[in-house]
Amino acid sequence: MPRALITGISGQDGSYLSEFLLSKGYEIHGIVRRKAIEDPRHGLWRFSSEMIDNITLHIGSLDSYPSLYDCVSKAKPDEIYHLAACSFVSYSMEEEFSTLDINLTGTHHLLSATKANAPDCRFYFAGSSEMFGDARECPQNENSSFHPRSVYGISKLAGFHLVRNYRENHALKACTGILFNHESPRRGFEFVTRKITSQAARIKLGLADSLELGNLDAERDWGHSRDYVKAMWLMLQKEELDDYVISTGISHSVRCYCEKAFAHLGLDYRDYVKTKENLFRASETTPLRGDSSKAAKELGWKPEISFDQMIAEMVDAELADLQ
Ligand code: G4F
């Protein structure tokens, strides 16, 4: 039975990836912070109790090399999926320092612990379209130049180079998935898609009367997390590991997302959505749209869940939760 170790297992992607790998017969180990185990109702809300019984959780933290060393040596994984990160792009100045520190140093700690304890293990690193930032071309593929416009993007780009360095100089079987935005009913409430679907459902039920957003013209290439975790797994099944862009190839505006989410509830977003200057980003990236033809050709991966299906699933899940 292959063994997988997942950092960030309690997040959106970690929970879908765990379900996917369990269905493939994997033994799943996950690294979580102590408080997630002490308060599972909040820390592990994305998992059913049946799922929790099927995975082995280890307490660890990205800022602690000894804890990661211990987790890798205990789990002895065949595959590591490094998903944990400070992942919210819009932050205060204070959080810039911890984002860079945790995302970069944490990746370094994990790579080093893997090299020491499981040198034959296959290692997946969650990169991001934020690495392209102020992209010079559209769509972006694996050969596009990087120009991150956020500390989060910088931390992911530095992690990408670190992973490549461990692959080239330390013979670690490591790769990066450059994933564009991916959403689901398990998305955190701070991200715009979940903010829209949750508030639209509350408005529909008479629990709220408006939704405040920033830039409605910002565009993103939004896919579904359930599709994207399959790409992570496919990347690690290749004989020679390589880096891949994972995206739908179609971008939409925040306005379009609002229009469809509200319309699914029989509402017109223009009656409820207000823009607020303080929710605009100081430095917005240029429209990001990915080109995943390399993943399609070499991994046989393509997204299966459409934009409209994803929005409908998210809105329906909000309604079901509230009701
Ligand atoms: O949902 P967002 O906060 O996601 P963002 O910044 O694109 O980052 C997400 O995707 C990246 C790529 O996969 C990941 F690396 C990253 O970790 C994260 O998962 O914002 C999307 C867009 C932005 O252009 C933002 O300016 O929505 C715009 N927006 C407009 N009003 C808003 C709001 N975003 C948020 N969060 N809240 C608003 O009120």
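Residues numbered from 1 in each chain as written. Predicted model: local features only at pLDDT ≥ 70, side-chain atom pairs only at ≥ 80, totals over all residues. Heavy atoms only, no water.

Novice: I'd like a rundown of the overall build of the protein chain, residues and numbers included.
Specialist: Helices and strands together make up the secondary structure of the protein chain, namely 12 helices and 13 strands. Relative to the compact-globule value of 20 Å for 323 residues, the protein chain shows a C-alpha radius of gyration of 19 Å, a close match. Considering only C-alpha atoms, the protein chain reaches an extent of 60 × 45 × 40 Å along its principal axes. Contacts in the protein chain between residues at least 24 apart in sequence constitute 79% of all its contacts with a sequence separation of at least 6. (Helix = DSSP H or I, 4+ residues; strand = E, 2+ residues; numbered from the N terminus. Rg over C-alpha atoms; globule rule 2.2 N^0.38 Å. Contact = heavy atoms within 4.5 Å.)

Novice: Break down the domain arrangement of the protein chain for me, with residues and values.
Specialist: Domain annotation of the protein chain identifies domain 1 (3-183 + 222-246) and domain 2 (192-219 + 252-287 + 306-322). Counting residues at the interface gives 17 residues for domain 1 and 17 residues for domain 2. Both faces combined, the contact of domain 1 with domain 2 buries some 1300 Å², and carbon together with sulfur accounts for 54% of it. When the area that domain 1 buries against domain 2 is broken down by residue, the three leading residues are Arg-149, Glu-183 and Trp-222, summing to 52%. Linking domain 1 with domain 2 are 1 salt bridge. (Domains from an automatic or database assignment. Buried area = accessible area lost by both parts, 1.4 Å probe. Salt bridge = Lys/Arg side-chain N within 4 Å of Asp/Glu carboxyl O.)

Novice: Quick rundown of the pattern of salt bridges? Include the residues and the values.
Specialist: Inspection of every chain in the model, using the stated rule, returns 17 salt bridges. We note a salt bridge from Arg-186 to Glu-19, for which the minimum N-O separation is 2.9 Å. One end of the pair, Arg-186, is in the loop between strand 7 (182-183) and helix 8 (192-204); the other, Glu-19, is in helix 1 (residues 12-23), with 167 residues separating them in the sequence. A relative accessible area of 29% places Glu-19 in the partly exposed class. (Buried < 20%, exposed > 50% of the residue type's maximum accessible area, 1.4 Å probe, protein only.)

Novice: Please set out unusual backbone geometry residue by residue, giving values where relevant.
Specialist: That bond from Cys-138 to Pro-139 is cis: its omega, 0°, falls within 30 degrees of zero. Summarising the element assignment, Pro-139 is placed in the loop between strand 5 (122-128) and helix 7 (151-169). Here Lys-76, not a glycine, exhibits a phi torsion of approximately 45°, which is positive. Relative to the assigned elements, Lys-76 resides in the loop between helix 5 (65-75) and strand 4 (79-82). Given the relative accessible area of 40%, Lys-76 is considered partly exposed. Positive phi, close to 55°, is recorded for Ala-171, a residue that is not glycine. By the secondary structure assignment, Ala-171 is in the loop between helix 7 and strand 6 (173-179).

Novice: Go over the nonpolar core with me, naming the residues and quoting the values.
Specialist: Within the largest apolar cluster, 34 residues are counted, with the highest numbers of intra-cluster contacts made by Leu-21, Tyr-81, Tyr-124 and Ile-246. For this core, the elements supplying multiple residues, two or more each, are strand 1 (3-7), helix 1, strand 2 (27-32), strand 5, strand 6, helix 9 (225-237), strand 11 (244-246) and helix 11 (293-299). Those residues within four positions of Ile-246 in sequence are excluded, and the remaining contacts are Ile-178, Leu-179, Phe-180, Tyr-228, Ala-231, Met-235, Ser-292, Ala-295 and Trp-301. Counting residues in each nonpolar core, the second largest holds 27 residues, with Ile-196, Leu-211, Leu-216 and Ile-311 among its members. (Core = buried A, V, L, I, M, F, W, Y, C linked by side-chain atoms within 4.5 Å.)

Novice: I'd like to hear about the pairing of strand 6, residue by residue, with values.
Specialist: Of all 7 residues making up strand 6, 6 are buried, and the element is well covered by its neighbours. Across 7 bridges, the pairing between strand 5 and strand 6 is parallel. Across the sheet, the residue bridging to Tyr-124 is Cys-175, located in strand 6. Following the chain from strand 5 across helix 7 to the adjacent parallel strand 6, one finds a crossover that is right-handed. Sheet analysis places strand 6 next to strand 11, joined by 3 bridges and oriented parallel. In the sheet register, Gly-177 faces strand 11, and the bridge partner there is Tyr-244. (Pairing = 2+ DSSP bridges. Right-handed = clockwise from strand over helix to strand, strands pointing away.)

Novice: So, the packing of helix 10 (residues 254-264) against helix 12 (residues 307-322): which residues are in play, and what are the values?
Specialist: Relative orientation of the contacting elements helix 10 and helix 12 amounts to 55°, with a least axis distance of 9 Å. The angle between helix 10 and helix 12 places the two elements in the oblique class. Taken as a pair, helix 10 and helix 12 cross one another with a handedness that is right-handed. Taken together, the residues of helix 12 that come into contact with helix 10 (itself represented by Cys-256, Tyr-257, Lys-260, Ala-261 and His-264) are Phe-307, Asp-308, Met-310, Ile-311, Ala-312, Met-314, Val-315 and Asp-316. (Axes fitted to C-alpha atoms, helices over the stretch in contact; angles between N-to-C directions. Parallel < 35°, antiparallel > 145°, perpendicular 65-115°, else oblique. Left-handed = near helix turned anticlockwise from the far one by under 90°.)

Novice: Which residues make up a nonpolar patch on the surface, and what values go with them?
Specialist: Taken together, the side chains of Leu-205, Leu-207 and Leu-322 define a hydrophobic patch exposed on the protein surface, amounting to about 220 Å² of accessible area. In this structure Leu-205 comes out as partly exposed when scored by relative accessible area, which is 31%. (Patch = residues over 30% accessible without salt bridge, like charges linked within 9 Å, V, L, I, M, F, W, Y side chains within 5 Å. Areas by Shrake-Rupley, 256 points an atom, 1.4 Å probe, with all protein chains shown as cover.)

Novice: Which residues make up the sheet that holds strand 1, and what values go with them?
Specialist: Across the sheet, which stays open at both edges, the 7 strands sit in the order 3-2-1-4-5-6-11 with parallel pairing between neighbours. Each end of this open sheet is capped by a strand with a single partner; those strands are strand 3 (55-59) and strand 11. Neighbouring strand axes in the sheet, compared pairwise and without regard to direction, differ in orientation by 25° on average. Lying over the sheet, helix 9 contacts strand 4, strand 5, strand 6 and strand 11, oriented at roughly 140° with respect to strand 4.

Novice: Could you give an account of helix 9, naming the residues involved and the relevant values?
Specialist: Helix length check: helix 9 (13 residues) gives 19 Å between terminal C-alpha atoms against 18 Å at 1.5 Å per residue, within 8%. Inspection of helix 9 places Ser-225, Asp-227, Tyr-228, Val-229, Ala-231, Met-232, Trp-233, Met-235 and Leu-236 among the buried residues, and these make up the whole buried set. (Expected span 1.5 Å × (residues − 1).)

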